[in-house]
Amino acid sequence: MSKFNAADYVVPRLKSLPPSGIRKFFDLVANTKGVVSLGVGEPDFVTPWHIREACVHSLEKGYTMYTSNWGMPELRKGVVDYLSEKYHVNYSPENQVIITVGASEAVDLALRAVVNQGDEVIIPDPCYVSYKPCAAMAGGTVVSIPTKAENDFKLTAQQLEDAITTKSKVLVLCYPNNPTGAIMTREELLQIAAVAEKHNLLVISDEIYSELTYSGQHTSFASLPGMQDRTILINGFSKSFAMTGWRVGYAAGHPDIIGAMVKIHQYTILCTPVTAQMAALEALNNGMEQVYHMRDQYNQRRRLLVNRLNAMGLDCFEPKGAFYAFPSIKRTGLDSEEFCQHLLNEELVAVVPGEAFGESGKGHIRISYASSINQIEEALNRMERFVNKRYNNEVKLSAQA
Amino acid sequence: MREKILEMLSCNSRISHEQIAVMLNMNPEDVAREIKAMEDEKIILKYSTLINWEKTKSHTVTALIDVKVTPQRGVGFDEVAERIFRYPEVRSVALMSGSYDLSVKIEGKTMKEVALFVAEKLATVEHVQSTMTHFVLKQYKQAGVVFDDKEEDRRQVITP
């Protein structure tokens, strides 16, 4: 009889999947006391009170059952109306929308629904941590396109064209972007759309930060001419309504694709928790004013943060969306992991190394401004002291040489 | 833009002109000029601090007094209000709709002091018909700020 070895039972595909780069740094920060963290990828606002109250009421009224696999009809209707009003893209609540457990589940469902073994999934880099692992778990081959600071971390049509092969099938977009804060304008997206059409790509557009756009209006990729059927539009309640822990997101798209996604969802998840769906419904019905209030606050913090980063010599392009700044730390002579570790040790400030989000994040750090002004200022003061020390050394060294 | 500046000052009266300018994407000179203008126009009256006195050694007693006034020809609410708000013990006076006319907030060192003030000064003001005194026992929230907020940052220290 052979000995039981649990690890042997884990499939190779998972063994070769690297653990989240952010995890390692998390453990480091969690074990340090007195840290000011600007490493958090979620709003510092607690979910607005009326939404929390609606959730409690729903429990009192006995909303404790399964819902439709697709999500509650009222909520789907609300989502469809919202997308139509805000982004001018029209879906049927009957068969074109699915309510998911956060936008993250929608990303996974979308990739699993459309990726065949060996299909190439094109992903601009740096990017949110789950796209590449989800694409790989679905059997796809990840093709990264490095976006660059000099292009404000936007994807260019030329870069996309250059990445195309006969196996290209899916393009994943996320604008406003986590971790860079980049946005793409309608004109820029139109150029991407032309390439997608030319090579018959399916586009998964994760627009979870759509409400947090600080320059002009957000353009949904699905709203571009001819793109609606080609796009799986993903959004959710986490960032805009400060509802991360509730886990409510959604996907909208062609009935054939959404139908396929519902199949996976109904056999694995069954439905998004009804309590969270009730809260999401309240958010859509009565929460927009709070969204705009929070956006105003983020925008003020954003200006403060970017201004001070540039003043201390950490070159930072203007992030026009989400709640992150992504400055270059190259001038300190440190790589981004070193920078983050030393900053944590010396000044007790946590920010996230850019490469946690992909190769081309190297030399950058992600700083979240989803924190109070006091916290941001305290962190910036400490960071400034840290950076100055490095620059002074650099000047001394070059003077000696 | 004035509303935005006022909003920021009402949250933090110590914020610098430079920081307001950065956060609202304005010139510091323009911010300084607007603030000066609003001071001159008495839109901005004073820069104050929100204090939880309960946590200090100085204990004051606060009372809200509902005051009914008998309006008479030639003497409006404004005149009666002025006779009341001239007393330094009176912290605020407002004209109300509903079952009484003036809401008066009084601070004193002891309940007795406040009660005596009401009995001897306030109730005897001409045209004051009646008073009803409510002592404040505990302040939970003021000016939008919860005094002893148990709601803390419960987020993980690093999240993607």
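Summarised in this report is the structure supplied together with it. (Residues numbered from 1 in each chain as written. Chains lettered and ligands numbered in written order. Predicted model: local features only at pLDDT ≥ 70, side-chain atom pairs only at ≥ 80, totals over all residues.)

## So, the overall build of chain B
Applied cut-off: Secondary structure follows DSSP: runs of H or I at least 4 residues long count as helices, runs of E at least 2 residues long count as strands, and numbering of each begins at the N terminus. Radius of gyration here uses only the C-alpha atoms, and the compact-globule reference equals 2.2 Å multiplied by the residue count raised to the power 0.38. For the exposure call, what matters is how many other C-beta atoms sit within 10 Å of a residue's own: 20 or more marks it buried, 12 or fewer exposed, and in between partly exposed, using C-beta atoms placed from the backbone. Each residue is represented by a C-beta atom placed from its backbone, and any two residues with such atoms within 7 Å are regarded as in contact.
Summing up its helical and strand segments, chain B has five helices and six strands in all. Reading chain B from its N terminus to its C terminus gives the helix and strand order α-α-α-β-α-β-β-α-β-β-β. For a compact globule of 160 residues, the expected C-alpha radius of gyration is about 15 Å, and chain B comes in at 21 Å, more than 25% above that figure. Counting only C-alpha atoms, chain B reaches 60 × 40 × 30 Å along its principal axes. Within the span of chain B, comprising 160 residues, buried residues form 14% of the whole. Relative to all contacts within chain B whose residues are 6 or more apart in sequence, the contacts with residues 24 or more apart total 55%.

## Digging into the overall build of chain A
Counting its regular elements, chain A contains 14 helices and twelve strands. A globule of 401 residues ought to have a C-alpha radius of gyration of about 21 Å, and chain A, at 22 Å, matches this closely. Oriented by its inertia axes, the alpha-carbon framework of chain A measures out at about 70 × 65 × 50 Å. In chain A, which comprises 401 residues, the proportion classed as buried is 48%. Here the analysis covers contacts within chain A between residues at least 6 apart in sequence; of these, 75% occur between residues at least 24 apart.

## Observations regarding the interface of chain B and chain A
The figure often quoted for interface size is the accessible area lost as the parts come together. Worth spelling out the cut-off: Side-chain classes are defined by residue name, with Ala, Val, Leu, Ile, Met, Phe, Trp, Tyr, Cys and Pro counting as nonpolar, Asp, Glu, Lys and Arg as charged, and the others, Gly among them, as polar.
Opposite the eleven residues of chain B that make contact, chain A presents 22 residues. When the residues that make up the side of chain B that touches chain A are grouped by side-chain class, the tally is five nonpolar, three polar and three charged.

## Digging into the pairing of strand S2 (residues 97-100) of chain A
Residue and element names in this part refer to chain A. Selection rule: Here the rule is simple: two strands pair whenever DSSP picks up at least two bridges between them.
Here S2 shows no split at all, with Val 97 and Ile 99 on one side and Ile 98 and Thr 100 on the other all buried. Inspection of the sheet shows S2 paired to strand S8 (residues 249-252) by four bridges, in the antiparallel sense. Bridge pairing links Ile 99 to Tyr 250 in S8.

## Let's talk about helix H6 (residues 102-114) of chain A
Counted only if it meets this: One fewer than the residue count of a helix, multiplied by 1.5 Å, yields its expected span.
With 13 residues, H6 of chain A should reach 18 Å at 1.5 Å per residue; the first-to-last C-alpha distance of 19 Å fits that figure. Most of H6 of chain A is tucked away, with 13 of its 13 residues classed as buried.

## So, the sheet that holds strand S1 (residues 61-69) of chain B
All names here are of chain B. Heads up, the rule is: Lines fitted to C-alpha atoms define the axes here, with helix axes fitted over just the stretch in contact, and angles between the N-to-C directions of these axes take values from 0 to 180 degrees.
Pairing is antiparallel across the open sheet formed by four strands, whose spatial order is S2-S3-S1-S4. In the strand order of this sheet, the two ends are held by strand S2 (90-95) and strand S4 (128-135), each with one partner. For this sheet, the mean angle separating the axes of adjacent strands, direction not counted, is 20°. Bridging between S1 and S4 involves seven bridges; their strand directions are antiparallel. Looking at S4, one finds that Val 67 is bridged to Thr 131.

## Observations regarding the environment of Thr 244 of chain A
Residue and element names in this part refer to chain A. Tracing the backbone shows Thr 244 in the loop between strand S7 (231-236) and S8. Here Thr 244 falls in the partly exposed class, since 19 other C-beta atoms lie within 10 Å of it. Taking the C-alpha atoms as reference points, Thr 244 and Gly 102, 142 residues apart in sequence, are found 7.9 Å from one another.

## Focus on the sheet that holds strand S12 (residues 365-368) of chain A
All names here are of chain A. Pairing is antiparallel in the open sheet, where three strands are placed in the order S9-S12-S11. Sheet topology places strand S9 (324-325) and strand S11 (352-353) at the edges, where each strand pairs with a single neighbour. Pairing analysis gives two bridges linking S9 to S12, with the strands arranged antiparallel. Paired with Tyr 324 across the strands is Ser 368, a residue of S12.

## Some thoughts on helix H3 (residues 28-40) of chain B
Across its 13 residues, H3 of chain B extends 18 Å between first and last C-alpha, which sits within 8% of the 18 Å expected from 1.5 Å per residue. At the exit of H3 of chain B stands Lys 42 of chain B, carrying a positive phi of roughly 60°.

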